[in-house]
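Breakdown of the fold
The residues making up each chain are set out below.
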Number of protein chains: 2
Amino acid sequence: MDVDITKELCLQKLQGIGILHVATVDEDGRPQVRCVSAIHYEPDAIYFYTARGKSFARQLEASGWVQMEGMTKYKEMIRLSGKVKKADDQQKWKDKVFEEQPYLINVYPGNTREIGVIYEIRNATIEWFWLGTHPIERRYFTTGNAQWKPKGYQISDECIACGTCETVCPEGAIDEGEPFVIRQNNCLQCGNCFEHCPVEAIIKL
Amino acid sequence: MDVDITKELCLQKLQGIGILHVATVDEDGRPQVRCVSAIHYEPDAIYFYTARGKSFARQLEASGWVQMEGMTKYKEMIRLSGKVKKADDQQKWKDKVFEEQPYLINVYPGNTREIGVIYEIRNATIEWFWLGTHPIERRYFTTGNAQWKPKGYQISDECIACGTCETVCPEGAIDEGEPFVIRQNNCLQCGNCFEHCPVEAIIKL
């Protein structure tokens, strides 16, 4: 399937979702996730607001790593990972977020917004994933100088071209060849080919 | 405000959201979050399906800790944390999830659903959080034998009853007294009282 998805479109779609689900790791190494709508989008960076005293902010201060995810109304899952830093011009972005989202004045009236801090993500990896078609579709993008770490499975030269993997792939995402090839854009990363390969020719990335 | 929210109602509302955002921690200690709809609800446990070979499953196997979160159409944020274990009767719950959600047959046709595994959460902490009112409202619940770890802020007996905290609280969630008292159900946990207390009488939990 020809899918015209770009990183610019992913960012635009994330913005359209409005409320994202933002994951961090707490002081015990456990996963945390909460809704965040106080986000401002620029073409080259994302800014978001939270209160300094929240455990969310403490988790961000500890490692800086965050992953934010949302589902579009067309059921595309988009997620963005990156390391946050405190934005340089705190007042500018704080005022911008409150101007764009007037309901925040109800939560932090008057001067109390000053308890907030603006974090910035400039270098991000973006994953677009769509279950709404068969085979599924996925794409990866990066912004700034972020590096993508490969995921999923790959068929190595050990492949004996027996075709077992092709028959067990739920998505029909494996093409014949020597070696056989996984179409990464259609791969669920479920591991069924890996489990069934008779000569262990499939590598977990 | 009188809010009639119970843990049973939270679980019912989570079920109604349909697609939850599920956070884990990856092998580098970084946060991960993805959409999951393949969830089945019982009164005393939650079951969900994922493929064994996905990095999601590997992360679950590593620590077992998961937090799942969703927003209701009334903009209540509900999140549930717990440690997963593999469910005892894999086939029963697998079939149940695929029966409830026929679209999964499109993703895992025929026998390929066997690459999946069913995880169970029996002991969970649940947080209900609603920004749609002033002051905000939040409640905590547990299921099974889960323990709640207190969060936020508390005013200690060091309080000199000067009233500074009350004036800087964005939610008006602090009541006069000796010591003054934070109404935990209305607290944003923003830390503004903590930062402004002149005698450091406020404790971060």
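Residues numbered from 1 in each chain as written. Chains lettered and ligands numbered in written order. Predicted model: local features only at pLDDT ≥ 70, side-chain atom pairs only at ≥ 80, totals over all residues. Heavy atoms only, no water.

An unreviewed UniProt entry lists chain A under the name Pyridoxamine 5'-phosphate oxidase-like FMN-binding protein, with Hallella multisaccharivorax DSM 17128 as the source organism.

Description of the overall build of chain A
Summing up its helical and strand segments, chain A has six helices and 14 strands in all. Its C-alpha atoms give chain A principal-axis dimensions of roughly 70 × 35 × 25 Å. By residue count, 53% of the 205 residues in chain A fall in the buried class. At a minimum sequence separation of 6, the contacts of chain A that also span at least 24 residues come to 59%. For chain A, the exposed surface amounts to about 9500 Å²; the carbon and sulfur share of it is 49%. Considering chain A, the positive charge centre built from 24 side chains and the negative charge centre built from 29 side chains are found 9 Å apart. (Helix = DSSP H or I, 4+ residues; strand = E, 2+ residues; numbered from the N terminus. Buried < 20%, exposed > 50% of the residue type's maximum accessible area, 1.4 Å probe, protein only. Contact = heavy atoms within 4.5 Å. Areas by Shrake-Rupley, 256 points an atom, 1.4 Å probe, with all protein chains shown as cover. Lys, Arg positive; Asp, Glu negative; His and termini not counted. Charge placed at Lys NZ, Arg CZ, Asp CG, Glu CD.)

Here's the deal with the relation of the copies chain A and chain B
Expressed as a screw transformation, the operator carrying chain A onto chain B has a rotation angle of 180° and an axial translation of 0.0 Å, and the superposed copies differ by an RMSD of 0.0 Å. What the rotation and shift describe, once combined, is the action of a two-fold rotation axis. Looking at the interface residues of chain A, 100% of them are also at the interface in chain B, so both copies use one shared face. (Least-squares fit on C-alpha atoms with pLDDT ≥ 70 in both.)

Regarding the pairing of strand S9 (residues 124–130) of chain B
Residue and element names in this part refer to chain B. Most of S9 sits out of view: six of its seven residues are buried. Where strand S6 (residues 76–83) lies against S9, seven bridges are found, and the strand directions are antiparallel. Residue Gly82 lies in a different strand from S9, and its bridge partner there is Ala124. The sheet contact formed by S9 and strand S10 (residues 137–142) spans six bridges and is antiparallel. The residue of S10 that forms the bridge with Glu127 is Tyr140. Between S9 and the antiparallel strand that follows it, S10, lie six residues. (Pairing = 2+ DSSP bridges.)

Considering the packing of aromatic side chains
Counted according to the given criterion, the structure contains 16 aromatic pairs over all chains. Here Phe48 of chain A and Tyr119 of chain A contribute two aromatic rings whose centre-to-centre distance is 5.9 Å and whose plane-to-plane angle is 35°, an arrangement assigned as tilted. One end of the pair, Phe48 of chain A, is in strand S4 (residues 45–51); the other, Tyr119 of chain A, is in strand S8 (residues 116–121), with 71 residues separating them in the sequence. The class for Phe48 of chain A is buried, based on a relative accessible area of 0%. Considering the side-chain rings of Tyr49 of chain A and Tyr108 of chain A, the 5.5 Å spacing of their centres and the 75° angle between planes classify their relative orientation as edge-to-face. You can see Tyr49 of chain A sitting in strand S4 and its partner Tyr108 of chain A sitting in the loop between helix H4 (104–107) and S8, a full 59 residues away along the chain. Per residue, the accessibility class of Tyr49 of chain A equals that of Tyr108 of chain A, and both read buried. Three or more aromatic residues joined by ring pairs form one cluster here, namely Phe48, Phe56 and Tyr119 of chain A. Over the ring of Trp65 of chain B we find Arg30 of chain A; its NZ or CZ atom is 3.7 Å from the centre of that ring. (Phe/Tyr/Trp six-rings, centres within 6.5 Å; stacked < 30°, edge-to-face > 60°. Lys NZ or Arg CZ within 6 Å of the ring centre and 35° of its normal.)

Focus on the sheet that holds strand S3 (residues 39–42) of chain A
Residues and elements named next belong to chain A. Taken in spatial order, the four strands make up an open sheet running S3-S4-S8-S7, and their pairing is antiparallel. Single-partner strands in this sheet number two, and they are S3 and strand S7 (85–86). Where S4 lies against S8, six bridges are found, and the strand directions are antiparallel. By the bridge assignment, Ala51 is partnered in S8 with Gly116. Across the sheet, helix H2 (residues 55–63) touches S4, S7 and S8, and the angle it forms with S4 is around 130°. (Axes fitted to C-alpha atoms, helices over the stretch in contact; angles between N-to-C directions.)

Looking at the environment of Pro135 of chain A
Residues and elements named next belong to chain A. With respect to the secondary-structure elements, Pro135 resides in the loop between strand S9 (124–130) and strand S10 (137–142). Pro135 sits in the partly exposed class, given a relative accessible area of 21%. When the C-alpha atoms of Pro135 and Ile155 are compared, they prove to be 19 Å apart, with 20 residues separating the residues in sequence. Beyond its immediate stretch of four places on either side in the chain, Pro135 contacts Glu171, Arg183 and Asn186.

A few points about the side chain of Gln32 of chain A
Note on placement: Gln32 of chain A falls in strand S2 (residues 31–36). Not counting chain neighbours up to four residues away, the residues in contact with Gln32 of chain A comprise Val22, Ala23, Thr24, Asp26 and Gln59 of chain A together with Ala23, Gln67 and Arg79 of chain B.

With respect to helix H3 (residues 90–100) of chain A
All names here are of chain A. Listing the buried residues of H3 in full gives Trp93, Lys94, Val97 and Phe98. An end-on view of H3 places all buried positions within 135° of arc, on one side of the element. Elements that come into contact with the buried residues of H3 comprise S3, S4, H4 and S8. (Arc of directions from axis to C-beta.)

Considerations on the pattern of salt bridges
According to the stated counting rule, one finds 30 salt bridges over all chains in the structure shown. Of the charged contacts in the structure, one is a salt bridge between Glu27 of chain B and Lys149 of chain A, with a shortest N-O distance of 3.3 Å. Taken together, the residues Glu27 of chain B in the loop between strand S1 (20–25) and strand S2 (31–36) and Lys149 of chain A in the loop between S10 and strand S11 (153–155) connect one chain to another. Judged by its relative accessible area of 61%, Glu27 of chain B is exposed. Two residues, Asp95 of chain B and Arg113 of chain B, come together in a salt bridge whose shortest N-O distance is 3.2 Å. Here the residue Asp95 of chain B occupies a position in helix H3 (residues 90–100), and Arg113 of chain B occupies one in the loop between helix H4 (104–107) and strand S8 (116–121), the gap between them amounting to 18 residues. A residue is classified by how much of its surface remains accessible, and Asp95 of chain B, at 32% relative accessible area, is partly exposed. (Salt bridge = Lys/Arg side-chain N within 4 Å of Asp/Glu carboxyl O.)

With respect to the pairing of strand S1 (residues 20–25) of chain A
The side chains of a regular strand alternate, residue by residue, between the two faces of the sheet. Residues and elements named next belong to chain A. Of all six residues that make up S1, six are buried, and the element is covered over most of its length. Of the two faces of S1, both are covered, the one formed by Leu20, Val22 and Thr24 as well as the one formed by His21, Ala23 and Val25. Sheet topology note: the S1/S2 ladder contains six bridges and is antiparallel. Looking at S2, one finds that His21 is bridged to Cys35. Hairpin connection between S1 and S2: a loop of five residues separates the two successive antiparallel strands, and Gly29 in this loop has a positive phi of roughly 80°. In this structure, S1 lies alongside strand S5 (residues 65–71), joined through three bridges in antiparallel fashion. When the bridges of S5 are listed, Ala23 appears paired with Gln67.

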